[in-house]
Amino acid sequence: MEDKIDNIISKIFSIKIEEISNDLTADDIDGWDSLSHMQLIAEIEKNYKIKFTTKEMFNFFSIADLKKILKKKIK
């Protein structure tokens, strides 16, 4: 799961996989704004065939938060 999500993050934010760490937040990634946040959500939903609730969509502020929510959804 880690590699797949990191690839999605890399694609959406145009950053190298090596630059991705769980402690990254929107403040750390240039271009992580409301539009790219929704693009990230859409890409994850498509790739994992899941749906985030509105609360889940807006309750992650770091890569670690996102991965934690995703792990719960794909159990």
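Let me begin by describing the structure that accompanies this report. (Residues numbered from 1 in each chain as written. Predicted model: local features only at pLDDT ≥ 70, side-chain atom pairs only at ≥ 80, totals over all residues. Heavy atoms only, no water.)

Remarks on the packing of helix H1 (residues 2-13) against helix H2 (residues 34-48)
- Running from amino to carboxyl end, H1 crosses H2 at an angle of 145°, the nearest separation of the two axes being 10 Å. Crossing handedness for the pair H1 and H2: right-handed. From H1, Lys4, Ile5, Ile8, Ile9, Lys11, Ile12 and Phe13 reach across to H2, where they touch Ser36, Gln39, Leu40, Glu43, Ile44, Asn47 and Tyr48.
- A breakdown of the residues in the contact of H1 with H2 according to their chemical character gives eight nonpolar, three polar and three charged. (Axes fitted to C-alpha atoms, helices over the stretch in contact; angles between N-to-C directions. Helix = DSSP H or I, 4+ residues; strand = E, 2+ residues; numbered from the N terminus. Left-handed = near helix turned anticlockwise from the far one by under 90°. Contact = heavy atoms within 4.5 Å. Nonpolar A, V, L, I, M, F, W, Y, C, P; charged D, E, K, R; others polar.)

A word on unusual backbone geometry
- Non-glycine residue Ser14 carries a positive phi angle of around 55°.
- Tracing the sequence through the fold places Ser14 in the loop between H1 and H2.
- The backbone of Lys49 shows a phi angle near 55°, a positive value even though the residue is not glycine.
- Tracing the backbone through its elements, the reader meets Lys49 in the loop between H2 and helix H3 (54-57).

Notes on the layout of surface pockets
- In this structure, the largest pocket spans a volume of roughly 150 Å³.
- Taken together, Ala26, Trp32, Asp33, Ser34, His37, Phe58, Phe60 and Phe61 form the lining of the largest pocket.
- Along the lines of polarity and charge, the residues of the lining of the largest pocket split into five nonpolar, two polar and one charged. (1 Å grid on protein atoms, 1.4 Å probe; cavity = no way out; pocket = protein on both sides within 12 Å on 5 of 7 lines; lining within 4 Å. Points joined across faces, edges and corners; volume = space filled by probe spheres on them.)

Brief notes about the nonpolar core
- In this structure, Ile9, Phe13, Leu40, Ile44, Phe52 and Leu66 are the most contacted members of the largest nonpolar core, which totals 22 residues.
- Only H1, H2 and helix H4 (63-73) provide two or more residues apiece to this core.
- Residues in contact with Phe13, not counting those within four places in the same chain, are Ile29, Gly31, Trp32, Ser36 and Leu40. (Core = buried A, V, L, I, M, F, W, Y, C linked by side-chain atoms within 4.5 Å. Buried < 20%, exposed > 50% of the residue type's maximum accessible area, 1.4 Å probe, protein only.)

As for the packing of H1 against H4
- Two numbers describe how H1 lies on H4: the axes approach to 12 Å, and their chain directions differ by 130°. Regarding the angle of H1 to H4, the classification is oblique. The crossing of H1 and H4 is right-handed. Within the contact between the two elements, H1 uses Glu2, Ile5, Asp6 and Ile9 and H4 uses Ile63, Leu66, Lys67, Leu70 and Lys71.
- For the contact of H1 with H4, a count of residues per class yields five nonpolar, no polar and four charged. (Parallel < 35°, antiparallel > 145°, perpendicular 65-115°, else oblique.)

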